[in-house]
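So the chains spell out like this:
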Amino acid sequence: MNQRIAERTLLHMIVTSAGGLMDAYSYLLHGKVFATGQTGNFVLLAIHFASFHWSGVFHYLTPILCFWLGIFTAKHLQYTYFSKQQVSWKRGILIIEMLLFSVLAILPNTVSDLLCNSLISFCAAMQFSCFRTFGSNVPYASVFCTGNMRSCAESLYLGIVHKQKGELGKALRYFGILSSFFIGVLLGVLGEQLWGIQSAFLIVGVLGIAFGLLCFERELKEESI
């Protein structure tokens, strides 16, 4: 793995650890739900809809709509303000995430879990839309694990069974991404035990590290021109 690929992989490992922190935060502190992924919300939405339980429909539809809004917001920023500046777009998304998680950290405990989880869904959607490839343009998800697990297993199979060049290295990078998500969850557990609601500042800190790496990447590009 060359230095450039290693640096890009490190950035996305850090971003993915923030995804793990988000899920730990929503699960441990806001109603035992995983706010980054929407599969569970879709299933529960359909169940409540089939039962004509409209308050339940509203409860599960809200984070889904916030996830959609997050995607729309990220793409609007990309095409409107950062159409030719991918690094600046990513930094802008990280700034918005850091601001919103700072708000979550200082909200009183009386604020509803639905509002908090909807904000997390919004942030996760923006991050998912913005950070989509790592290393040598390998696709991944920074806020979920299932697709990354599939891709890691596929690369292992192609590398071990079919001896395809580069697949084992790709599998290793996917393993790094998965490990980062796991570490993010562990940090979330520790943060919940030490700081409770204010452990959202941990997410802000991790996103801040990613922001710093993106600034460093921008400086390297400018120096090479």
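Relevant structure appears above.
Below is a short write-up of the structure.

The rules we used
Residues numbered from 1 in each chain as written. Predicted model: local features only at pLDDT ≥ 70, side-chain atom pairs only at ≥ 80, totals over all residues. Heavy atoms only, no water. Axes fitted to C-alpha atoms, helices over the stretch in contact; angles between N-to-C directions. Helix = DSSP H or I, 4+ residues; strand = E, 2+ residues; numbered from the N terminus. Left-handed = near helix turned anticlockwise from the far one by under 90°. Contact = heavy atoms within 4.5 Å. Nonpolar A, V, L, I, M, F, W, Y, C, P; charged D, E, K, R; others polar. Buried < 20%, exposed > 50% of the residue type's maximum accessible area, 1.4 Å probe, protein only. Polar contact = N/O pair within 3.5 Å; in protein donor to acceptor, adjacent residues only side chain to side chain. Expected span 1.5 Å × (residues − 1). Arc of directions from axis to C-beta. Phe/Tyr/Trp six-rings, centres within 6.5 Å; stacked < 30°, edge-to-face > 60°. Patch = residues over 30% accessible without salt bridge, like charges linked within 9 Å, V, L, I, M, F, W, Y side chains within 5 Å. Areas by Shrake-Rupley, 256 points an atom, 1.4 Å probe, with all protein chains shown as cover. Salt bridge = Lys/Arg side-chain N within 4 Å of Asp/Glu carboxyl O.

**A look at the packing of helix α3 (residues 54–80) against helix α5 (residues 113–130)**
Part 1: Their axes nearest at 7 Å, the elements α3 and α5 cross at an angle of 35°. Between α3 and α5 lies a crossing of right-handed hand. Here Phe58, His59, Thr62, Pro63, Cys66, Phe67, Leu69, Gly70, Ile71, Thr73, Ala74 and Lys75 of α3 lie close against α5, whose contacting residues are Leu114, Ser118, Ser121, Phe122, Ala124, Ala125, Met126, Phe128 and Ser129.

**With respect to the packing of α3 against helix α4 (residues 86–106)**
Packed helices, taken two at a time, are described by the angle their axes make and the gap between the axes.
Part 1: The contact between α3 and α4 brings their axes to 10 Å, and the two run at 145°. Considering the relative orientation of α3 and α4, their crossing is right-handed. Within the contact between the two elements, α3 uses Ala74, Leu77 and Gln78 and α4 uses Gln86, Trp89, Ile93 and Ile96.
Part 2: In terms of residue class, the contact of α3 with α4 is made up of five nonpolar, two polar and no charged.

**Things to note about the side chain of Ser26**
Part 1: For Ser26, the position within the fold is in helix α1 (residues 3–29).
Part 2: Given the relative accessible area of 0%, Ser26 is considered buried.
Part 3: In this structure the side chain of Ser26 is engaged in a polar contact, spanning 3.1 Å, whose partner is the backbone oxygen of Asp23.

**Quick look at helix α6 (residues 146–160)**
Part 1: The terminal C-alpha atoms of α6 lie 21 Å apart, and with 15 residues this matches the ideal 21 Å at 1.5 Å per residue to within 8%.
Part 2: Buried within α6 are the following residues: Asn148, Ser151, Cys152, Ser155 and Gly159. Around the axis of α6, the buried residues are gathered within 100° of arc, so they sit on the same side. Of the residues in α6, the exposed ones pointing more than 90 degrees away from the buried face are Thr146, Met149 and Arg150.
Part 3: Buried residues belonging to α6 abut α7 (167–195).

**Focus: the packing of aromatic side chains**
Given two aromatic rings, one states the distance between the centres and the angle between the planes to describe the pair.
Part 1: One pass over the full model with this rule turns up seven aromatic pairs.
Part 2: When the ring of Tyr27 is compared with that of Phe34, the centres are 5.0 Å apart and the planes differ by 10°; the resulting orientation is stacked.
Part 3: Residue classification places Tyr27 among the partly exposed positions, given a relative accessible area of 31%.
Part 4: With relative accessibility at 52%, the residue Phe34 sits in the exposed group.

**A look at the environment of Lys32**
Part 1: Mapped onto the elements, Lys32 comes out in the loop between α1 and α2 (39–50).
Part 2: The class for Lys32 is exposed, based on a relative accessible area of 57%.
Part 3: Spatially, the C-alpha atom of Lys32 lies 23 Å from that of Leu99, the residues being 67 residues apart in sequence.
Part 4: Leave out the neighbours within four places in its chain, and Lys32 touches Ser26 and Tyr27.

**Notes on unusual backbone geometry**
Part 1: Unlike most non-glycine residues, Phe52 shows phi in positive territory, near 60°.
Part 2: In this fold, Phe52 is placed in the loop between α2 and α3.
Part 3: With a phi angle near 55°, Lys163 is a residue other than glycine that sits in the positive phi range.
Part 4: Positionally, Lys163 belongs in the loop between α6 and α7.
Part 5: Taking the relative accessible area as the measure of exposure, Lys163 reaches 66% and is therefore exposed.

**Re a nonpolar patch on the surface**
Part 1: Together, Phe182, Ile183, Leu186, Leu187, Leu190, Leu194 and Trp195 make up a nonpolar patch on the protein surface, roughly 720 Å² of accessible area in all.
Part 2: Take Phe182: it is sitting in helix α7.
Part 3: The exposure class assigned to Phe182 is exposed, which follows from its relative accessible area of 56%.

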